[in-house]
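Chain residues, written in single-letter form:
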Amino acid sequence: MKVKIHRICKDNPLPTQANPGDAGYDVYASEDVAFEEPGYIRLVPLGIIAQAPKGYHFKLCIRSSMAAKRGFILANSVGVIDNLFSGPNDEIKMIIQYTGGFFPDIIKKGERIGQLILEKNNEIEWDEQEDRNFAQVSRGGFGSSGV
């Protein structure tokens, strides 16, 4: 499937799969971004504008090694990028929070920091129910299955 993409930062490669068949395509920071202390949240630009095909969207996730080895997390948990977010000012960025570890720390230009995943949209038609026990089953409420 062809996906339209524009590289604002020509120094970085196009998103790449680490291995054939992988779900995610690695994306790269397009500039150095410094994190002075734990708790800091920064926008990290990826230097790309991409358009998911009609009926699809991108999910943007942080690479697990960024969290496990350096204490970086995606502040919004996962980024959802609709196909209409593809105009000339719609550079894809990651909202990254620094939780600690080796501080200060810098995400360097060209560093693999996230994964872009293409997913198919699902159209939903809601079937609103009047009775809150419409499913006729209960697990006991939020948190009932334990920790």
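Everything below is about the structure printed above this text.
So, here is what we can say about the structure in this document. Remember, it's a predicted structure, so these values are computed and weren't measured experimentally.

## Here we look at the overall build of the chain
And step 1. For the chain, the count of helices and strands is 1 helix and 11 strands.
And step 2. Mapped from its N terminus to its C terminus, the chain presents α and β elements in the order β-β-β-β-β-β-α-β-β-β-β-β.
And step 3. Against the compact-globule benchmark of 15 Å for 147 residues, the chain has a radius of gyration of 19 Å, which places it well outside the compact range.
And step 4. When its C-alpha atoms are laid out on the principal axes, the chain stretches across 55 × 40 × 30 Å.
And step 5. Across the chain, every contact between residues at least 6 apart in sequence was considered, and the portion connecting residues at least 24 apart equals 71%.
And step 6. Accessible surface computed for the chain: about 10,100 Å², of which carbon and sulfur atoms make up 51%.
And step 7. On the chain, the mean spot of the 17 positive side-chain charges and the mean spot of the 19 negative ones are 8 Å from each other.

## Overview of the side chain of histidine 57
And step 1. Along the chain, the position of histidine 57 falls in strand 6 (residues 56–62).
And step 2. Residue class for histidine 57 comes out buried when judged on its relative accessible area of 11%.
And step 3. Polar contacts involving the side chain of histidine 57 include one to the side chain of asparagine 121, which spans 2.5 Å.
And step 4. Not counting the four nearest positions on each side in its chain, histidine 57 is found in contact with Ala52, Val80, Ile81, Asp82, Ile117, Leu118, Glu119, Lys120 and Asn121.

## Focus on the environment of lysine 54
And step 1. Tracing the backbone shows lysine 54 in the loop between strand 5 (48–51) and strand 6.
And step 2. In this structure the C-alpha to C-alpha distance between lysine 54 and leucine 84, which are 30 residues apart in sequence, comes to 8.7 Å.

## So, a nonpolar patch on the surface
And step 1. Together, Met1, Val3 and Leu118 line one region of the surface with nonpolar side chains, adding up to about 270 Å² of accessible area.
And step 2. As for its position among the elements, valine 3 is in the segment before strand 1 (4–7).

## Here's the deal with unusual backbone geometry
And step 1. Here the phi dihedral of serine 77 falls at roughly 70°; this positive angle occurs in a residue that is not glycine.
And step 2. The topology assignment puts serine 77 in the loop between strand 7 (72–74) and strand 8 (79–82).
And step 3. Exposure remark for serine 77: the relative accessible area of 61% places this residue in the exposed category.

## Looking at the sheet that holds strand 9 (residues 93–98)
The pairing of strands in a sheet happens through backbone hydrogen bonds and is either parallel or antiparallel.
And step 1. In spatial order, the strands read 4-9-7; together these 3 strands make up an open sheet with antiparallel pairing. Two strands bound the open sheet, and with one partner strand each, they are strand 4 (41–45) and strand 7. For this sheet, the mean angle separating the axes of adjacent strands, direction not counted, is 40°.

## Points about the sheet that holds strand 6
And step 1. The strand order 2-11-6-8 describes an open sheet built from 4 strands, whose pairing is antiparallel. Of all the strands in the sheet, just strand 2 (25–28) and strand 8 have a single pairing partner and so form its edges. Going across the sheet, the axis of each strand differs from the next one's by a mean of 35°, ignoring polarity.
And step 2. Alignment of strand 2 against strand 11 (residues 112–120), held across 4 bridges, turns out to be antiparallel. Its bridge partner lying in strand 11, tyrosine 25 is registered against leucine 116.

## Regarding the pairing of strand 9
And step 1. Going residue by residue along strand 9, you find Met94, Ile96 and Tyr98 tucked away on one face and Lys93, Ile95 and Gln97 left uncovered on the opposite face.
And step 2. Of the pairings in the sheet, the one linking strand 4 to strand 9 comprises 5 bridges and is antiparallel in character. Bridge pairing in strand 9 links arginine 42 to isoleucine 96.

## What to know about the pattern of salt bridges
And step 1. Applying the stated rule across the entire model yields 7 salt bridges.
And step 2. One salt-bridge network, held together by shared partners, links Asp26, Arg63 and Arg112.

Here is what the cut-offs are and how they apply
- Residues numbered from 1 in each chain as written.
- Predicted model: local features only at pLDDT ≥ 70, side-chain atom pairs only at ≥ 80, totals over all residues.
- Heavy atoms only, no water.
- Helix = DSSP H or I, 4+ residues; strand = E, 2+ residues; numbered from the N terminus.
- Rg over C-alpha atoms; globule rule 2.2 N^0.38 Å.
- Contact = heavy atoms within 4.5 Å.
- Areas by Shrake-Rupley, 256 points an atom, 1.4 Å probe, with all protein chains shown as cover.
- Lys, Arg positive; Asp, Glu negative; His and termini not counted.
- Charge placed at Lys NZ, Arg CZ, Asp CG, Glu CD.
- Buried < 20%, exposed > 50% of the residue type's maximum accessible area, 1.4 Å probe, protein only.
- Polar contact = N/O pair within 3.5 Å; in protein donor to acceptor, adjacent residues only side chain to side chain.
- Patch = residues over 30% accessible without salt bridge, like charges linked within 9 Å, V, L, I, M, F, W, Y side chains within 5 Å.
- Salt bridge = Lys/Arg side-chain N within 4 Å of Asp/Glu carboxyl O.
- Pairing = 2+ DSSP bridges.
- Axes fitted to C-alpha atoms, helices over the stretch in contact; angles between N-to-C directions.

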